[in-house]
Amino acid sequence: MANLTAADLGIDVTHAEADALFRWFLASLLFGRPIRQEVAAETWRVLIAHGLTSLDSFADYDREKLRALLDEGHYARFDYLMTDELHEVMATVKRHYGSVSAMVKTSGSRKELSERLYALPGVGPKTLEIFLREVPDAVIGSR
């Protein structure tokens, strides 16, 4: 299967809406692991269906509750690792930028956004590549 895109998940990041940027960021974190894309997409749908639609919503789920949602999406291979990383990355983005949207829109360039993303826990080259391929240049630094 070809790489899934934001549009495949019903996400339109071209208008820089905060909700869309967050949803694509979450999807990118899931897709960035060596796991089948269909599993990552299904897990993303489970998380969204359970209301994990903002940085703050992750604080409402302890490790076991979040792990159970990952398992529901069949993301079992990385469930504890991903649970911990999702909690940590969401808290880090909140602490440093306030939101995914602010992180993107206050970056002075694609390079700066790449550096910000890469500094986040659990974000490696693949996650970075996935997230950035969908974010238009016009959105970066648009604030």
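Draft legend 1. Looking closely at the packing of aromatic side chains. Tallied over the entire structure, the rule returns 3 aromatic pairs. A centroid spacing of 5.8 Å and a plane angle of 85 degrees characterise the contact between Phe-25 and Phe-131, whose relative ring orientation is edge-to-face. Placement of the pair is Phe-25 in helix α1 (residues 18-31) and Phe-131 in helix α7 (residues 125-134), with a sequence separation of 106 residues. By relative accessible area, which is 1% here, Phe-131 ends up buried.

Draft legend 2. Local environment of the side chain of Thr-127. By secondary structure assignment, the location of Thr-127 is in helix α7. A relative accessible area of 4% places Thr-127 in the buried class.

Draft legend 3. Representation of the packing of helix α2 (residues 37-49) against helix α3 (residues 63-72) in the model. At a closest axis distance of 8 Å, the pairing of α2 and α3 adopts a crossing angle of 135 degrees. Classified by the angle between their axes, α2 and α3 sit oblique to one another. Where α2 crosses over α3, the handedness of that crossing is right-handed. Contacts from Thr-43, Val-46 and Leu-47 in α2 reach Leu-66, Leu-69, Leu-70 and Glu-72 in α3. When its residues are assigned to classes, the contact of α2 with α3 shows 5 nonpolar, 1 polar and 1 charged.

Draft legend 4. Up close: the packing of α1 against helix α4 (residues 79-97). Where α1 meets α4, the closest approach of the two axes is 11 Å, and the angle between their N-to-C directions is 145 degrees. The element α1 and its partner α4 pack so that their crossing is right-handed. Across from Phe-22, Phe-25, Leu-26, Leu-29 and Leu-30 in α1, the residues of α4 making contact are Met-82, Leu-86, Val-89, Met-90 and Val-93. Residues that form the contact of α1 with α4 fall into these classes: 10 nonpolar, no polar and no charged.

Draft legend 5. The arrangement of the pattern of salt bridges in detail. Scanning the model with the defined rule gives 11 salt bridges in all. Where Asp-19 meets Arg-23, a salt bridge forms, and the shortest distance between an N and an O atom there is 2.8 Å. Of this pair, Asp-19 and Arg-23 both sit in helix α1, 4 residues apart, roughly one helical turn. A residue is classified by how much of its surface remains accessible, and Asp-19, at 38% relative accessible area, is partly exposed. As a salt-bridge pair, Arg-67 and Asp-71 come within 2.2 Å of each other at their nearest N and O atoms.

Draft legend 6. Geometry of the side chain of Ser-101. Along the chain, Ser-101 turns up in helix α5 (residues 100-105). Under the relative-accessibility criterion, Ser-101 is labelled buried at 3%. Discounting chain neighbours no more than four positions away, the residues touching Ser-101 are Ala-16, Ala-18, Leu-21 and Arg-143.

Draft legend 7. Molecular detail of the nonpolar core. Among the nonpolar cores identified, the biggest contains 52 residues, and Trp-24, Phe-25, Leu-86, Met-90, Val-100, Leu-117 and Phe-131 are the most heavily contacted of them. The set of elements that each furnish at least two residues to this core consists of α1, α2, α3, α4, α5, α6 (110-118) and α7. Tallying contributions element by element places α1 first for this core, with 10 residues. Apart from the residues lying within four places of it in its own chain, the contact partners of Leu-86 are Leu-26, Leu-29, Leu-47, Phe-58, Leu-66 and Leu-70.

About the thresholds
- Residues numbered from 1 in each chain as written.
- Predicted model: local features only at pLDDT ≥ 70, side-chain atom pairs only at ≥ 80, totals over all residues.
- Heavy atoms only, no water.
- Phe/Tyr/Trp six-rings, centres within 6.5 Å; stacked < 30°, edge-to-face > 60°.
- Helix = DSSP H or I, 4+ residues; strand = E, 2+ residues; numbered from the N terminus.
- Buried < 20%, exposed > 50% of the residue type's maximum accessible area, 1.4 Å probe, protein only.
- Axes fitted to C-alpha atoms, helices over the stretch in contact; angles between N-to-C directions.
- Parallel < 35°, antiparallel > 145°, perpendicular 65-115°, else oblique.
- Left-handed = near helix turned anticlockwise from the far one by under 90°.
- Contact = heavy atoms within 4.5 Å.
- Nonpolar A, V, L, I, M, F, W, Y, C, P; charged D, E, K, R; others polar.
- Salt bridge = Lys/Arg side-chain N within 4 Å of Asp/Glu carboxyl O.
- Core = buried A, V, L, I, M, F, W, Y, C linked by side-chain atoms within 4.5 Å.

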